[in-house]
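Single-letter residue listing:
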Amino acid sequence: MTTIGVLALQGAFIEHVKILRRLGAETREVRLPADLDGLDGLIIPGGESTTIGKLAVAFGLVEPLRAFAGQHPTWGTCAGMIFLAKDIGNDRQPILGVMDITVNRNAFGRQVDSFEVDLPVKGLGDEPFHAVFIRAPIVTAVAGEVQVLAALADGRIVAAQSGHLLATAFHPELTADDRLHAYFLNMATQAK
Ligand code: GLN
């Protein structure tokens, strides 16, 4: 069985756990470095990236998470995507800095900071994915091996993959569509 950890410091972690269980994965909530032992993959959920960063520092998780994400399938959604990025345009908050993407936090401004849109996503087939954006970041630049998986109609990038690293600006755990979780579970199972 494939075991997926979900970073459970703050934010929407329970929703990821529920979908993963429904898909038949073993799950573990990650709060301490030892919780990473033996995991086949890790999800870093949405929430508030500054808070997740602070708590990760407080629990001694930054280096262990960086080492894990350097080697094993890791998926960041929204704040989790910010946490994975190499460049977020400021050095005031702790990040893992493992994925070759530049991310702009809170990219949609205040009035329209939450919206939903049907989005074609590479690798998920013809049916668009109903994507929920909540004070979402966008990817402003990709480098290295990074492949763009989804962009808004105006071209702004909202999902990307770089080998074993996956990043989505939206919240797939808040919809009934489990195709992205199945996609990530498959990445983790293949990498075992
Ligand atoms: N605005 C949050 C941040 O900058 C991310 C929002 C989310 O995860 N839904 O961390």
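Located above this text is the structure these notes cover.
I will try to describe carefully the structure that is included in this document. (Residues numbered from 1 in each chain as written. Predicted model: local features only at pLDDT ≥ 70, side-chain atom pairs only at ≥ 80, totals over all residues. Heavy atoms only, no water.)

**Here's the deal with the overall build of the protein chain**
1) Next: Along the protein chain, the regular secondary structure elements total 5 helices and 12 strands.
2) Next: Relative to a compact globule of 192 residues, whose C-alpha radius of gyration would be 16 Å, the protein chain shows 15 Å and is just as compact.
3) Next: In the protein chain, buried positions account for 51% of the 192 residues.
4) Next: Considering only contacts in the protein chain between residues 6 or more positions apart, those separated by 24 or more positions represent 64%.
5) Next: In the form shown here, the protein chain has an accessible surface area of approximately 8500 Å², with 50% of it arising from carbon and sulfur atoms.
6) Next: The protein chain carries 16 positive and 21 negative side-chain charges, and their two centres are separated by 5 Å. (Helix = DSSP H or I, 4+ residues; strand = E, 2+ residues; numbered from the N terminus. Rg over C-alpha atoms; globule rule 2.2 N^0.38 Å. Buried < 20%, exposed > 50% of the residue type's maximum accessible area, 1.4 Å probe, protein only. Contact = heavy atoms within 4.5 Å. Areas by Shrake-Rupley, 256 points an atom, 1.4 Å probe, with all protein chains shown as cover. Lys, Arg positive; Asp, Glu negative; His and termini not counted. Charge placed at Lys NZ, Arg CZ, Asp CG, Glu CD.)

**A closer look at the nonpolar core**
1) Next: Within the largest apolar cluster, 66 residues are counted, with the highest numbers of intra-cluster contacts made by Leu65, Ile101, Phe133, Val158 and Phe170.
2) Next: Other than its neighbours up to four places away in sequence, Val158 contacts Leu119, Phe133, Ile138, Ala150, Ala151, Leu152, Ala167, Thr168, Ala169 and Phe170. (Core = buried A, V, L, I, M, F, W, Y, C linked by side-chain atoms within 4.5 Å.)

**Topic: the pattern of salt bridges**
Between side chains of opposite charge, a pair can form as their charged atoms come close.
1) Next: On inspection of all chains with the given rule, the structure shows 9 salt bridges.
2) Next: Residue Arg66 is joined to Glu63 by a salt bridge in which the shortest nitrogen-to-oxygen separation is 2.5 Å. Of this pair, Arg66 and Glu63 both sit in helix 3 (residues 62-71), separated by 3 residues, roughly a single helical turn.
3) Next: Close ionic contact of Arg179 with Asp177 constitutes a salt bridge, the shortest N to O distance being 2.7 Å.
4) Next: One continuous salt-bridge network, built from bridges that share partners, spans Glu48, Arg105 and Arg135. (Salt bridge = Lys/Arg side-chain N within 4 Å of Asp/Glu carboxyl O.)

**Details of the environment of Asp100**
1) Next: Positionally, Asp100 belongs in strand 6 (residues 99-104).
2) Next: Residue Asp100 is classed as partly exposed on the basis of its relative accessible area, which comes to 28%.
3) Next: There is a polar contact of 3.2 Å between the side chain of Asp100 and the side chain of Lys86. (Polar contact = N/O pair within 3.5 Å; in protein donor to acceptor, adjacent residues only side chain to side chain.)

**As for the site of the ligand**
1) Next: Every residue lining the ligand is accounted for by Gly46, Gly47, Glu48, Ser49, Cys78, Ala79, Ile82, Arg105, Asn106, Ile134, Arg135 and His171.
2) Next: Between the ligand and the protein, one listed contact pairs a nitrogen atom with a side-chain N or O atom of His171 at 2.7 Å.
3) Next: Per-class residue counts for the shell around the ligand are 4 nonpolar, 5 polar and 3 charged. (Near = heavy atom within 4 Å. Nonpolar A, V, L, I, M, F, W, Y, C, P; charged D, E, K, R; others polar.)

**Observations regarding the side chain of Thr27**
1) Next: Looking at the element boundaries, Thr27 is found in strand 2 (residues 26-30).
2) Next: With a relative accessible area of 16%, Thr27 lands in the buried category.
3) Next: In terms of polar contacts, Thr27 uses its side chain to reach the side chain of Arg21, at 3.2 Å.
4) Next: Beyond its immediate stretch of four places on either side in the chain, Thr27 contacts Ile4, Val17, Leu20 and Arg21.

**So, the side chain of Thr3**
1) Next: For Thr3, the location among the structural elements is in strand 1 (residues 3-7).
2) Next: Setting aside anything within four residues of it in sequence, one finds Thr3 in contact with Glu26, Arg28, Leu39, Asp40 and Gly41.

**So, the packing of aromatic side chains**
1) Next: In this structure the tally under the stated criterion is 6 aromatic pairs.
2) Next: Plain terms: the ring middles of Phe108 and Phe115 are 4.9 Å apart, the flat faces sit at 70° to each other, and that makes the pair edge-to-face.
3) Next: Through successive ring pairs, a cluster of aromatic residues spans Phe108, Phe115, Phe129, Phe133 and Phe170. (Phe/Tyr/Trp six-rings, centres within 6.5 Å; stacked < 30°, edge-to-face > 60°.)

**Quick notes on the pairing of strand 6**
1) Next: With burial as the criterion, only one face of strand 6 is covered, namely that bearing Met99, Ile101 and Val103; the residues Asp100, Thr102 and Asn104 on the opposite face remain uncovered.
2) Next: Of the pairings in the sheet, the one linking strand 5 (residues 85-87) to strand 6 comprises 2 bridges and is parallel in character. If you follow Ala85 over to strand 6, its bridge partner there is Met99.
3) Next: Two elements, strand 6 and strand 9 (residues 138-142), share 4 bridges in a ladder whose sense is antiparallel. (Pairing = 2+ DSSP bridges.)

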